[in-house]
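Structural overview
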Amino acid sequence: MSVPVLELSGVHAGYGPIRALKGVDLRVGEGEIVALIGCNGAGKTTTLMAISQVVAPTAGAIRLRGADLVGLPVHEVVARGVCHVPEGRRIFPRLTVRENLEMGAFLVRERGRIESRIEEVFGIFPLLREREGQLGGTLSGGEQQMLAIGRALMIDPAILLLDEPSLGLAPLVVRRIFDVVASLRDRGTTVLLVEQNANMALRLADRAYVLETGVVTLEGTGKALLADPRIREAYLGE
């Protein structure tokens, strides 16, 4: 099997005495959308933060295309191609849409490359082109989510980490965001998706993992997990 884009092996992490992750193993292949589902407090967000090195793992390995990320400063993790879109979007509200996108390219030195990436983002999110000069804080929730994803795409990431992209959005907007994520896969972007909406996440994902109290308890294709009675009872209310 080829080297995955991202691989976690036996990862432990937490906050002081709290052990949030207890030996997490997962892998994401080139061009895949992999979903990570679980109840609140299961450790999903901590998994993404450990990958980004925002939370330092206490044990285990996190490898990007075979190279370990553990112990690197956060900006170096980004430089290697890991882009994290956090829960709650966290755009810069007092900067314009264009300025937010330019901030996403803070590691890119060539102006021409920055402009090229902005044009690509506008191609994915035409609405952002219309809002180019508008302050980020005046955008709707869905528009802010588009901007947060667009900002992450500015460095052409090796993998995109999405944390709860549907949070707080109306159902029609959620479907639009998920359609965009599917289109990113079609463009060759690799995605690790944390999502509370298990139904939509599993329908979208090539593969998925179920996380319970810091431990992976199930894994398989999105289709297989969607049909699993345990998943349907625990996460789909059936």
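What this report covers is the structure whose coordinates are included nearby. Please read these numbers as outputs of a predicted model, since none were measured by experiment.

Section: the overall build of the protein
- When helices and strands are counted, the protein shows ten helices and ten strands.
- Relative to a compact globule of 238 residues, whose C-alpha radius of gyration would be 18 Å, the protein shows 17 Å and is just as compact.
- For the protein, the spread of C-alpha atoms along the three principal axes comes to 45 × 40 × 35 Å.
- For the protein, the residues scored as buried account for 51% of the 238 residues in total.
- A fraction of 66% describes how many contacts in the protein between residues 6 or more apart in sequence connect residues 24 or more apart.
- Surface exposure of the protein reaches about 10,800 Å², of which carbon and sulfur atoms provide 52%.

Digging into the sheet that holds strand 2 (residues 18-28)
- Strand order across the open sheet formed by four strands is 2-1-4-5, with antiparallel pairing between neighbours. Every other strand in the sheet has two partners, leaving strand 2 and strand 5 (67-68) as the edge strands with one partner each.

Regarding the pattern of salt bridges
- Applying the stated criterion across every chain yields a total of 15 salt bridges.
- A salt bridge links Glu-130 to Arg-131; the nearest nitrogen and oxygen atoms lie 3.7 Å apart.
- Accessibility expressed as a relative area gives 60% for Glu-130, which makes it exposed.
- Between Arg-131 and Glu-143 there is a salt bridge, with the nearest N and O atoms lying 3.0 Å from each other. On the criterion of sequence distance, the pair formed by Arg-131 in the loop between helix 5 (126-130) and helix 6 (141-152) and Glu-143 in helix 6 is long-range, its members being twelve residues apart.
- The exposure class assigned to Glu-143 is buried, which follows from its relative accessible area of 11%.
- Linked by salt bridges that have partners in common, Arg-98, Glu-102, Arg-111, Glu-115 and Glu-132 make up one network.

Side note on the sheet that holds strand 6 (residues 82-85)
- With mixed pairing, six strands are arranged side by side in an open sheet as 6-7-8-3-9-10. At either end of the open sheet lies a strand with only one pairing partner, and these are strand 6 and strand 10 (215-221). Each strand axis lies, on average, 15° off the axis of its neighbour in the sheet, ignoring direction.
- The sheet contact formed by strand 3 (residues 33-37) and strand 9 (residues 207-212) spans four bridges and is parallel. Bridging from a neighbouring strand, Ile-37 pairs with Val-210 of strand 9.
- Contacts between helix 1 (residues 44-52) and the sheet are confined to strand 3, strand 6, strand 7 (159-163), strand 8 (191-194) and strand 9, with strand 7 contributing the most and set at about 145° to the helix.

A short note on the nonpolar core
- Formed by 52 residues in total, the largest nonpolar core has its most connected members in Phe-125, Ile-149 and Leu-160.
- With seven residues, the single largest contributor to this core is helix 7 (residues 171-186).
- Sequence-distant contacts of Ile-149, that is, excluding residues within four places in its chain, are made with Val-85, Phe-125, Leu-160, Leu-162, Ile-177 and Leu-184.
- One finds Val-34, Leu-36, Val-82 and Tyr-209 within the second-largest nonpolar core, a separate group that totals 29 residues.

What counts, and at which threshold
Residues numbered from 1 in each chain as written. Predicted model: local features only at pLDDT ≥ 70, side-chain atom pairs only at ≥ 80, totals over all residues. Heavy atoms only, no water. Helix = DSSP H or I, 4+ residues; strand = E, 2+ residues; numbered from the N terminus. Rg over C-alpha atoms; globule rule 2.2 N^0.38 Å. Buried < 20%, exposed > 50% of the residue type's maximum accessible area, 1.4 Å probe, protein only. Contact = heavy atoms within 4.5 Å. Areas by Shrake-Rupley, 256 points an atom, 1.4 Å probe, with all protein chains shown as cover. Pairing = 2+ DSSP bridges. Salt bridge = Lys/Arg side-chain N within 4 Å of Asp/Glu carboxyl O. Axes fitted to C-alpha atoms, helices over the stretch in contact; angles between N-to-C directions. Core = buried A, V, L, I, M, F, W, Y, C linked by side-chain atoms within 4.5 Å.

Treat this as a map of the structure, not an account of what it does.
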